[in-house]
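# Commentary on secondary and tertiary structure
Each chain, letter by letter, is given below.
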Amino acid sequence: QVQLVESGGGLVQAGGSLRLSCAASGLIFSGNAMGWYRQAPGKQRELVASITSGGVTNYADSVKGRFTISRDNAKNTVYLQMNSLKPEDTAVYYCNHIGASTMYSYWGQGTQVTVSS
């Protein structure tokens, strides 16, 4: 069974924080590098943070120093701690394994993050 359930989004003022969670099925999660992606209106989906099964992380320059990705392998869950949020962080946030195809891979419903100025 394939499942991705993102949660934790919301409306926050610039400078605020949110913590996103993603519960994934073992089929997607186990042994795979996982990532948080985001898609703003009119823009392509982009990878903002990734974490290997061993915990090595990587970040897009736009979020480096503000976002922290983590994972709990026992719970098949990935987290994204977002601090110092900016209006340009406004997007729908999705999690998936690294290398997932925008067109052909399974995606969850995402979680909306809106940052007001």
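Residues numbered from 1 in each chain as written. Predicted model: local features only at pLDDT ≥ 70, side-chain atom pairs only at ≥ 80, totals over all residues. Heavy atoms only, no water.

## Things to note about the packing of aromatic side chains
- Tallied over the entire structure, the rule returns two aromatic pairs.
- Ring geometry for Tyr37 versus Trp107: centroids 5.1 Å apart, planes at 85°, classification edge-to-face. Of this pair, Tyr37 sits in strand β4 (residues 34-39) while Trp107 sits in the loop between β9 (91-97) and β10 (111-116); the two residues are 70 residues apart in sequence, bridging distant segments of the chain.
- For Tyr37, a relative accessible area of 8% gives the class buried.
- Classification of Trp107 as buried rests on a relative accessible area of 15%.
- When the ring of Tyr94 is compared with that of Trp107, the centres are 5.9 Å apart and the planes differ by 80°; the resulting orientation is edge-to-face. Linking Tyr94 in strand β9 with Trp107 in the loop between β9 and β10, this pair joins segments that are 13 residues apart in sequence. (Phe/Tyr/Trp six-rings, centres within 6.5 Å; stacked < 30°, edge-to-face > 60°. Helix = DSSP H or I, 4+ residues; strand = E, 2+ residues; numbered from the N terminus. Buried < 20%, exposed > 50% of the residue type's maximum accessible area, 1.4 Å probe, protein only.)

## Overview of unusual backbone geometry
- One non-glycine residue, Asn76, adopts positive backbone phi at about 50°.
- Of note, Asn76 is situated in the loop between β7 (67-72) and β8 (77-82).
- The backbone of Ser84 sits at a positive phi, close to 50°, despite the residue not being glycine.
- Within the element layout of this structure, Ser84 appears in the loop between β8 and β9.
- Residue Ser84 is classed as partly exposed on the basis of its relative accessible area of 41%.

## Structural notes on the nonpolar core
- Counting residues in hydrophobic clusters, the biggest one holds 28 residues, and the most contacted among them are Met34, Trp36, Ile69, Leu80, Met82 and Tyr93.
- Residue assignment for this core shows that the elements contributing at least two residues are β3 (18-24), α1 (26-29), β4, β5 (46-51), β7, β8, β9 and β10.
- With four residues, β3 is the single largest residue contributor to this core.
- Core analysis: the next-biggest nonpolar cluster, separate from the first, contains five residues, Val92, Tyr94, Ala100 and Trp107 among them. (Core = buried A, V, L, I, M, F, W, Y, C linked by side-chain atoms within 4.5 Å.)

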